Structure formats: structure tokens, C-alpha cells
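Listed below are the residues making up each chain.
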Amino acid sequence: MKRLILIVFCFLSLAAMAESKKIALLEPRVGEGSTDVTGMEKAMIRGELRKAIVNHNGYEAFTRSDIDQMMLEQDFQRTGNVSDGDIHRLGEMTGADYICIATITKSSSEFYIEAYLINIESGGISNPASQYGELVNGKLGNMLPVCQALAQELLGTLSPMTSTIISPSPIVQSATTPPATTTSSASEYEIYEVINGYTVCGNQREYTDEAQALSTLAQAVRDWGEVRTGDITENGNGLMIYKSNGYQFQGCNFGSIKDKVSKYNSDGERISDVAFNKYGHYVIIRGECGYGSANLPSDFLEALEERNKDKDKILSVALDDADNWVYVTEKYFRAKNSTDHAIITEAKEKFGSIQAVSITTKGIVVCCVNGVLFKGVPRNVAENILEFVKDGRRPKVVKFTDSGTFLITDGESKYSIYM
């Protein structure tokens, strides 16, 4: 399904130590495949983003019609490209420390916002951000909450009172986010514990253990003494990966998944992650951004192909039995389901860089560098995640089913399994 995509490029220049940083907002461009983007909608996005930015102490935001015209003349509205010369011209024309440029692609029901900061002195990109939501009666509706969240993500890690320029970084989720501390928000969760600077929090549910046993996989993991990633289903399908590309299947008699994994193993390609559901729809991430798949939803395939073309390293993929999907890369994360997206955003805001996400039709687990957030997971999964951390390990990959079978690993070798 197509989504509204708002890409904001913000150009930074260091102001004096006690001065506000100035941000010039351009008229958003319209992305390919967008439907019915009106001038009013473009004005709404720019206006609401402006209000959200000026609510941050130390920042000013403004618009300029002359720079809109300059970018139109430079064919930015079609290509989205901005040369170094254009960057410096924009800075000279506006006196801005940031220039915000938006690209808008809209469907009839959804939107997705991605944001970037670009230093006007160096041209370096840093602090990418993203927001997602649903249209109301086909309209953007009240965009202020979305733009407030976007501004927080864009500006929250930048101090307007510092004399140091933040180094450009392509990472959406900052790995330097401070460890979470227990606050009043802990009351929102059934489990909320901070252990050696790492937070485990979330809500769990009762469950009935009805999954088919995966004894072959369990024995393989015990024989290896390690496991790095994999995936499992309730109907007896499973794949475990250890070291770079070692593997063991159980079930998985669908499509060409076994042939693909065998080939990647023979070719010496690292298998980064794998996701499949009980219907045999699957994706295998090989290397940094390559993939093999069968029967995936078309929107998921399109998203993976974009990441492959951009050479954007894919860290994690997830697919549930309703064909909802998630991917996490070094630059982005994206979820088909709006509820999943909101939970991933919450985890990122609390615990920093996202490492992996796993989803089922009832639950989700988001592993970050400073904590793990889960909702709707079987009680035994929640308890074992907590025990994993108490044992001095940090979960980087959690794969689970709604019946309570699970794989928890540190992404390298250490593991906890119930199959």
C-alpha cells in the first residue's frame, strides 16, 4: 500500500552559543505516485511543522517564497536534488542555520514522514527521523501531533546552546541515546525493570501453549551451543541460523526457502535475518541489503527493493500471519500496521537505536540498544526476556509465537529457547 512520505532535509549551521538556530521551511515537493496532494495540504504540513519547531526553546522557523521559487527553478520539485552550491546560496539568502525541504507522497488512507538534518556548512546529513499515521476521511486532518513528534525527533538530540557541531550520521535511531531511567511512566507497564542501565518493560498476556514442538531445532541449537537468529511458527515450521550462515530447518516445506538458504550457505553469504509465516510467505536477508523471498505482499517487496537500491543495511525483518510486516535498517524503520509503528516509535524514543523487531498477530517485541519494549506477548516470553537480561545478557533478537514458543538471542551466540 502506498503511503504519504514527507522527507524533510534540514541544513544546519552553527549559531553563536546563546543564539537561537534559524530554520527556513520550503514548500514541500510532491513525490512520485502521490495522489491528490493539494496546495492546502502542503501549506498545512509546513505550517504545523513550523509551529512544532518554534515550541522548542532555542529554535526559530520561518518561510520564504523567494527560496521556494529558486528551488523550483533548480528543478528540485521534480528531482529532489540539492547541490552544494544551492545549499550555500540558500544559507546566504535566508540567514538560516537549517533549511527544511519536504517531499510528500500521499495515498487515500495513510501517511509516513521521514526527516533529515543537513548541515549547511558541510552538507552532511544527520539525525534522520520518521513518523507515520492514517488519514481521517481521506484528509490529513490535525497534523500538529505528527509534526510535534517529528520536531522532537529531529531536534531533541541537538542542543541549541552548544558550540559543537554534531557529526553527520545516516542513522535514524541514535545509538548514543542515554539509558532509560525509571519514571512515572513505568506504571503503564506490567513489567518495568532497569538492570545495569538496560530497561525491560512491557505488557504480557495469558496464553495457551498450542504450538507444535520444534524438537529438531531445539536439539540443533543445543548441539551448536549457540544461535544468532531465525524464525518459528506455531504450525511446526522453523529455521535457526548460527555463525555466519550455518542453519537447521524443521518443516518449512514451502517455496524455495531451503534452496535459497543452502545456496547462501554455499556461497559464503551471511544470512542477516529471516522472517516467515505459517502460510509460507518468507524473506531472507543476505549480506547487508540483499534478499530472497516468496509470496510477500507487494508493498513489502517494494520497500525491500528500495532499501536494496539505496544500499541501506537491513538489520531486521518481521512478518505475521496476517501479512503485516516490519523492517529496520540503519537509516529507517517502517511498519505496515499503524499500531506496530507507534509502538516501535515509542521504543526508539525511550531506548535509542532499534536493533530488531518481531511481530505476531497479537504481540510485538522491539529490541533497542538501551532497552526492550514488548506488548501483547505471552507471559512466558516476557518472563524469559527479563531473565535473559538478569543473567547479564542483552536481547538483540526475539522471535516468538502467540502460543509461547520463542527464541531469544544476543544476536551473536547466547540464547534462550522454548520450542
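Describing the environment of Leu 239
Tracing the backbone shows Leu 239 in strand S12 (residues 238-242). For Leu 239, a relative accessible area of 0% corresponds to the buried category. A C-alpha to C-alpha distance of 6.4 Å links Leu 239 and Gln 250, two positions 11 residues apart in sequence. Residue contacts for Leu 239: discarding those within four places in its chain leaves Leu 217, Thr 229, Gly 230, Asp 231, Tyr 247, Gln 248, Phe 249, Val 261, Val 274 and Phe 276.

Focus on the pairing of strand S16 (residues 290-294)
By the criterion of burial, S16 is predominantly enclosed, with 4 of the 5 residues buried. Count of turn residues in the strand S15 (residues 282-286)/S16 antiparallel hairpin: 3 residues, of which Gly 287 carries a positive phi of about 65°.

A few points about the packing of aromatic side chains
Counted under the stated rule, the structure contains 8 aromatic pairs. Centre to centre, the rings of Phe 300 and Trp 325 are 4.7 Å apart; their planes meet at 5°, and the pair counts as stacked. One end of the pair, Phe 300, is in helix H8 (residues 298-309); the other, Trp 325, is in strand S18 (residues 325-329), and 25 residues separate them in sequence. On the basis of relative accessible area, Trp 325 is assigned to the buried category, the value being 0%. Residues Phe 406 and Tyr 418 carry aromatic rings whose centres are separated by 6.2 Å and whose planes lie at 40° to one another, so their mutual orientation is tilted. Within this pair, whereas Phe 406 is found in strand S24 (residues 406-409), its partner Tyr 418 is found in strand S25 (residues 415-418), the two being separated by 12 residues in sequence. By relative accessible area, which is 36% here, Tyr 418 ends up partly exposed. What links up through ring pairs into an aromatic cluster is the set Phe 254, Phe 276 and Tyr 282. For Lys 258, the ring lying beneath its charged end belongs to Phe 249, and the centroid distance is 5.8 Å.

Brief notes about the pattern of salt bridges
Proximity of charged atoms lets side chains of opposite charge pair with each other. Using the criterion set out here, one finds 13 salt bridges in the structure. Across the pair Glu 226 and Lys 243 runs a salt bridge, and its minimum N-O distance is 3.2 Å. Of this pair, Glu 226 sits in the loop between helix H6 (215-224) and strand S11 (229-232) while Lys 243 sits in the loop between S12 and strand S13 (246-250), and the two are 17 residues apart along the sequence.

Here's the deal with the pairing of S24
Side-chain direction in a regular strand flips from residue to residue, so the side chains alternate between the two faces of the sheet. Taking every second residue as pointing to the same face, both faces of S24 are buried, with Phe 406 and Ile 408 on one and Leu 407 and Thr 409 on the other. One ladder, built from 4 bridges, connects strand S23 (residues 397-400) with S24; its direction is antiparallel. Residue pairing for S24: Lys 399 is matched across the bridge by Leu 407. Here S23 hands over to S24 after 5 residues, with Gly 404 in that stretch at a positive phi of 100°. The turn linking S24 back onto S25 is made up of 5 residues, and Gly 411 within it adopts a positive phi angle of 80°.

Each value, and the rule that gives it
- Residues numbered from 1 in each chain as written.
- Predicted model: local features only at pLDDT ≥ 70, side-chain atom pairs only at ≥ 80, totals over all residues.
- Heavy atoms only, no water.
- Helix = DSSP H or I, 4+ residues; strand = E, 2+ residues; numbered from the N terminus.
- Buried < 20%, exposed > 50% of the residue type's maximum accessible area, 1.4 Å probe, protein only.
- Contact = heavy atoms within 4.5 Å.
- Pairing = 2+ DSSP bridges.
- Phe/Tyr/Trp six-rings, centres within 6.5 Å; stacked < 30°, edge-to-face > 60°.
- Lys NZ or Arg CZ within 6 Å of the ring centre and 35° of its normal.
- Salt bridge = Lys/Arg side-chain N within 4 Å of Asp/Glu carboxyl O.

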